[in-house]
Amino acid sequence: MALDKFAAEANKGFAAKMRSYRSVFERWRAIQSELQELRSASRERLREAESLTTALAEIDAVAPWMLRMNFLRPRPSSWAMWRNYEKLR
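Residues numbered from 1 in each chain as written. Predicted model: local features only at pLDDT ≥ 70, side-chain atom pairs only at ≥ 80, totals over all residues. Heavy atoms only, no water.

Visitor: It is not clear to me how the overall build of the protein should be interpreted in this structure. Could you clarify?
Guide: Across its full length, the protein holds three helices and zero strands. Listing the helices and strands of the protein from first to last along the sequence gives α-α-α. Within the protein, the fraction of its 89 residues that count as buried is 3%. On the protein, roughly 8500 Å² of surface is accessible, and the fraction owed to carbon and sulfur atoms is 61%. (Helix = DSSP H or I, 4+ residues; strand = E, 2+ residues; numbered from the N terminus. Buried < 20%, exposed > 50% of the residue type's maximum accessible area, 1.4 Å probe, protein only. Areas by Shrake-Rupley, 256 points an atom, 1.4 Å probe, with all protein chains shown as cover.)

Visitor: What should I look at first to understand the confidence of the model for the protein in this one?
Guide: As a note on interpretation, predicted positions should not be read in detail where pLDDT is low. On average, residues of the protein score 77 in pLDDT, and 60% of them reach the 70 mark or higher. Predicted confidence in the protein is weakest over helix α3 (residues 79–88), with a mean pLDDT of 58, and strongest over helix α2 (residues 14–68), with 88. (pLDDT = per-residue confidence, 0-100.)

Visitor: Help me out: how do you make sense of a nonpolar patch on the surface in this one?
Guide: A cluster of nonpolar side chains, contributed by F14, M18, Y21, F25 and W28, occupies part of the molecular surface with about 540 Å² of accessible area. Structurally, the position occupied by Y21 is in helix α2. (Patch = residues over 30% accessible without salt bridge, like charges linked within 9 Å, V, L, I, M, F, W, Y side chains within 5 Å. Salt bridge = Lys/Arg side-chain N within 4 Å of Asp/Glu carboxyl O.)

Visitor: Is there a simple way to explain the packing of aromatic side chains in this structure?
Guide: Aromatic ring pairs are described here by two measures, namely the spacing of the ring centres and the angle between the planes. All chains considered together, the criterion is met by two aromatic pairs. Aromatic side chains Y21 and F25 sit 6.1 Å apart centroid to centroid with 15° between the ring planes, which places their arrangement in the stacked category. You can see Y21 and its partner F25 sitting in helix α2, four residues apart, about one turn around the helix. Accessibility expressed as a relative area gives 33% for F25, which makes it partly exposed. (Phe/Tyr/Trp six-rings, centres within 6.5 Å; stacked < 30°, edge-to-face > 60°.)

Dropping the structure here:
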């Protein structure tokens, strides 16, 4: 009987501490999961940016030749578009 009273006294705050710990641990796991998703998305965006950069470099390498061959002759209505393209390069 004395042992039961001692155990009851010792464990009064344990359940509350355990609930608090469980809550913090679940929050930590959720944040870890979100961080993993963000890192994965970031790597995917980096691969996409590298792919687009390579594609633009290939287009820029071919574009002057195509203009000389009259394949991409701008029409008068699209001169504004070409001026903007040159500014972006």
